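Structure at a glance
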Protein chains: 2
Amino acid sequence: MSTEAAKLVSPHGGELIDRTGSRPDGVESLEAVILSSRELSDLEMIANGALSPLRGFLGREEYESVLESMHLASGLPWSLPVCLAVDEAPKGDRVALAGEDGRLYGVLDVSEVFDYDKKREAELCFRTTDTAHPGVARLFDQKSRYLAGEVTVFERQTPEFPELALDPVDTRAVFAERGWHRVVGFQTRNPIHRAHEYLTKVALETVDGLLIHPLVGDTKAGDISVQVRVECYRTLIECYYPADRVLVAAFPAAMRYAGPREAIWHAICRKNYGCSHFIVGRDHAGVGSYYGTYDAQMIFDEFEPHELDVEPMMFEHSFWCRRCGSMASTKTCPHGPEDRTMLSGTKVREMLAAGKVPPIEFTRPEVAEVLIKASHR
Amino acid sequence: MSTEAAKLVSPHGGELIDRTGSRPDGVESLEAVILSSRELSDLEMIANGALSPLRGFLGREEYESVLESMHLASGLPWSLPVCLAVDEAPKGDRVALAGEDGRLYGVLDVSEVFDYDKKREAELCFRTTDTAHPGVARLFDQKSRYLAGEVTVFERQTPEFPELALDPVDTRAVFAERGWHRVVGFQTRNPIHRAHEYLTKVALETVDGLLIHPLVGDTKAGDISVQVRVECYRTLIECYYPADRVLVAAFPAAMRYAGPREAIWHAICRKNYGCSHFIVGRDHAGVGSYYGTYDAQMIFDEFEPHELDVEPMMFEHSFWCRRCGSMASTKTCPHGPEDRTMLSGTKVREMLAAGKVPPIEFTRPEVAEVLIKASHR
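Residues numbered from 1 in each chain as written. Chains lettered and ligands numbered in written order. Predicted model: local features only at pLDDT ≥ 70, side-chain atom pairs only at ≥ 80, totals over all residues. Heavy atoms only, no water.

Comments concerning the domain arrangement of chain A
Residues and elements named next belong to chain A. Domain parsing of chain A yields domain 1 (3-153) and domain 2 (162-375). Centre-to-centre, using C-alpha coordinates, domain 1 lies 27 Å away from domain 2. Taken together, the contacts link 41 residues of domain 1 with 42 residues of domain 2. A combined buried area of about 3,500 Å² lies between domain 1 and domain 2, and 59% of that area is made up of carbon and sulfur atoms. (Domains from an automatic or database assignment. Contact = heavy atoms within 4.5 Å. Buried area = accessible area lost by both parts, 1.4 Å probe.)

Have a look at this one:
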């Protein structure tokens, strides 16, 4: 490891896990377990070290520890179960891992199979058992037992945007090459309007570099397509960010919509990608009104200082203030609503659908153009 | 300590030192040591805990350790000597501490008197022995031995701005009362123009509160008077900051102009005042061209992560960019000099002296007005 790389934040648990490997002989004759798209996304992230220190799907002891205390049995913080649901225990001690299309991705060496309580998992992870919550709905639809064990992945998933498909080892290499030590990660599943541009730039001002890390795994219906979002990111960065201070890469996780616990999990994953800092806005990873506005920020206080070893950067909603003559939030602007340009997401979607460019204080015109074109495709 | 207060960053070394006490009998008959204004300022800060864990002026072992390794003998980081210069050893084991006007402030229980090498101290602390450097000049003018020992202060100095005279225990109480946990400290010895307003607001966006902590101790000739600066701070905050997110208090330190080492020292002092974060701009605490632009930022890397336990927030120079339509720095703006409003300090002083209001992108008009009035008094 070079001196530069040594100055990046260490992976969670100290070591970047690599669970990729060569295709074992006879894998076709193994019993195959079919993974859901969420499980496949987890598998990919175990393989490339994004979920370090995990080497496979959680066993019962780890699962219980994560649910009850947000820590692995080793004492390392970990906020969400990463489990593989099956109907029944496989017969052999090794199984093949397949996608829903039957394609084989890896093998799992079975350590145990255990029953779990969906309602309890929902309450502890999602703070609700309401099946209108997409994460709860998916959990309740799952098979009823968990299959645990280390995995080896011999077939990587085909990325939709190959040039954005950077594993933690790749983003770390870019950061090291650019001489960045302190890097802030930004999670998003939306186009970046002025408000989020402001957050990322505020964060960037105090560190060396910015990783714009859009989620490209499963999101919910109604979210803007990943293709359009990626075009928006490219346009915005080309026009308004210094190329040598920002990197865009795809975050292959599937949304769980677990709000606070997912914010912690997102921060830990980004540490594995080499981020020392992570942006946590209001309602991070939330859905509906299941979480309080600040829950995903406050949960960081449940950990000891430096225990996570990734610095959360908490933000308020931001807006353009005419009297300040700048973007601001209620934390930095003393003026009233009459001085502020604030638009609801619904209003902006309506404007874009009608081919209208939102005010420049809300959306950069170049980004509005991409969105308007997309809404008329 | 309340739960709220317990969530503030701990003082340096864990305990807020209080070296105030009642006036001992017979203090008038003790041999008196006359303190320079810099030493008197240090005394005040030992008394009120701003220099925690120091309980007095440094002995030889501590002095050597600070000079050589930027740590106290206990292993705690400490970057600048805090010493009391005398011509010769006092006769008794207790001396009275007096100002240049003869007023008595405290007593010192003598632990030792030792010789020191001014040239070596200058090289290690100031990185130069050039007497054109104001810190070096003062050091070379000092008496030739150091008197060490714990102090007890029975007479506090009369503050110029009583309502700004907040000890660490006071700022901590304000932070706790307001429910702030993460507080960023901003050191300044100039009026705040848009560039520094931007830094403080960028910093404030990710924490709970901002302590604007202007230095009111000795500064060098040519700096704008503290009265005018305080009026500028008040005006700016009234017009452009939310009152519940900012506190202005006086930092009673004397400038040493030791650049990098002083940046560390400033950060540690602010931790004692309750700041978890501290803004470090370019050329912090520098003078002339004795230090590289980024030296005061890079020195933070010489400490282990979390060793200082106060997070530096490093900033670049900032400016207004017409194409961004916002304040920015080279880290966040990709555009060229032709799009940016940049004025030299000299140019701005000339404009103000001529009664001209600088561009709104450079100085808020309300602040310009204070400065123009002051320059015509």
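Moving on, there is more to tell.
With respect to the nonpolar core
The nonpolar side chains of a soluble globular protein tend to be buried, and buried together. Grouped together as the largest cluster of nonpolar side chains are 78 residues, with contacts concentrated most on A:Leu210, A:Tyr241, B:Leu210 and B:Tyr241. Per element, the largest residue contribution to this core is nine residues, and it comes from helix α8 (residues 226-240) of chain B. Beyond its immediate chain neighbours, meaning those up to four positions away, A:Tyr241 contacts A:Ile192, A:Glu197, A:Thr200, A:Lys201, A:Leu210, A:Leu236, A:Val246, B:Thr332 and B:Pro334. Core analysis: the next-biggest nonpolar cluster, separate from the first, contains 76 residues, A:Leu35, A:Leu247, A:Ala258 and A:Ala285 among them. (Core = buried A, V, L, I, M, F, W, Y, C linked by side-chain atoms within 4.5 Å. Buried < 20%, exposed > 50% of the residue type's maximum accessible area, 1.4 Å probe, protein only. Helix = DSSP H or I, 4+ residues; strand = E, 2+ residues; numbered from the N terminus.)

Comments concerning the relation of the copies chain A and chain B
Rotating chain A by 180 degrees and moving it 0.0 Å along the rotation axis overlays it on chain B with an RMSD of 0.0 Å. Here the symmetry operator amounts to a two-fold rotation axis. Minimal C-alpha separation from the rotation axis in chain A is found for A:Val202, amounting to 2.6 Å. When the interface residues of chain A are mapped onto chain B, 100% of them are again interface residues, pointing to one common binding face. (Least-squares fit on C-alpha atoms with pLDDT ≥ 70 in both.)

Quick notes on the side chain of A:Thr152
Residue and element names in this part refer to chain A. Its location among the elements puts threonine 152 in strand β6 (residues 145-153). Given a relative accessible area of 17%, threonine 152 falls into the buried group. The residues touching threonine 152, leaving out its near neighbours within four places in the chain, are Arg19, Thr20, Gly21, Tyr105, Gly106 and Val107.

Looking at helix α7 (residues 194-205) of chain B
Residues and elements named next belong to chain B. For α7, which comprises twelve residues, the first-to-last C-alpha distance of 16 Å matches the rise-based estimate of 16 Å (1.5 Å per residue) to within 8%. Buried residues dominate α7, accounting for ten of its twelve residues. Arg194, Glu197, Tyr198, Leu199, Thr200, Lys201, Val202, Ala203, Leu204 and Glu205 are the residues of α7 that are buried. (Expected span 1.5 Å × (residues − 1).)

Some thoughts on unusual backbone geometry
Following A:Ser52, the chain continues into A:Pro53 via a peptide bond in cis, with omega recorded as 10 degrees. In this structure, A:Pro53 sits in the loop between α2 (37-47) and β2 (56-57). In this model, B:Asp309 sits at a positive phi of 60 degrees, which is unusual for a non-glycine residue. Structurally, B:Asp309 can be placed in the loop between α10 (295-298) and β11 (311-314). Judged by its relative accessible area of 31%, B:Asp309 falls in the partly exposed class.

Considerations on the pairing of strand β12 (residues 318-321) of chain A
All names here are of chain A. Side-chain alternation along β12 places Ser318 and Trp320 on one buried face and Phe319 and Cys321 on a second face that is also buried. Here four bridges tie β12 to strand β13 (residues 326-329), and the two strands are oriented antiparallel to one another. Paired with tryptophan 320 across the strands is methionine 327, a residue of β13. From the end of β12 to the start of β13, which pair antiparallel, there are four residues, and glycine 325 there has a positive phi angle of about 70 degrees. As defined by bridge partners, β12 adjoins strand β14 (residues 340-341) across two bridges and the pair is classed as antiparallel. By the bridge assignment for β14, tryptophan 320 is matched with threonine 341. (Pairing = 2+ DSSP bridges.)

Let's talk about the packing of aromatic side chains
All names here are of chain A. Taken as a whole and assessed by the stated rule, the structure comprises 14 aromatic pairs over all chains. Geometrically, the ring pair formed by tyrosine 63 and phenylalanine 114 is tilted, given 5.6 Å between the ring centres and 50 degrees between the ring planes. Within this pair, whereas tyrosine 63 is found in helix α3 (residues 60-69), its partner phenylalanine 114 is found in strand β5 (residues 104-115), the two being separated by 51 residues in sequence. In terms of burial, tyrosine 63 and phenylalanine 114 fall into one category: buried. (Phe/Tyr/Trp six-rings, centres within 6.5 Å; stacked < 30°, edge-to-face > 60°.)

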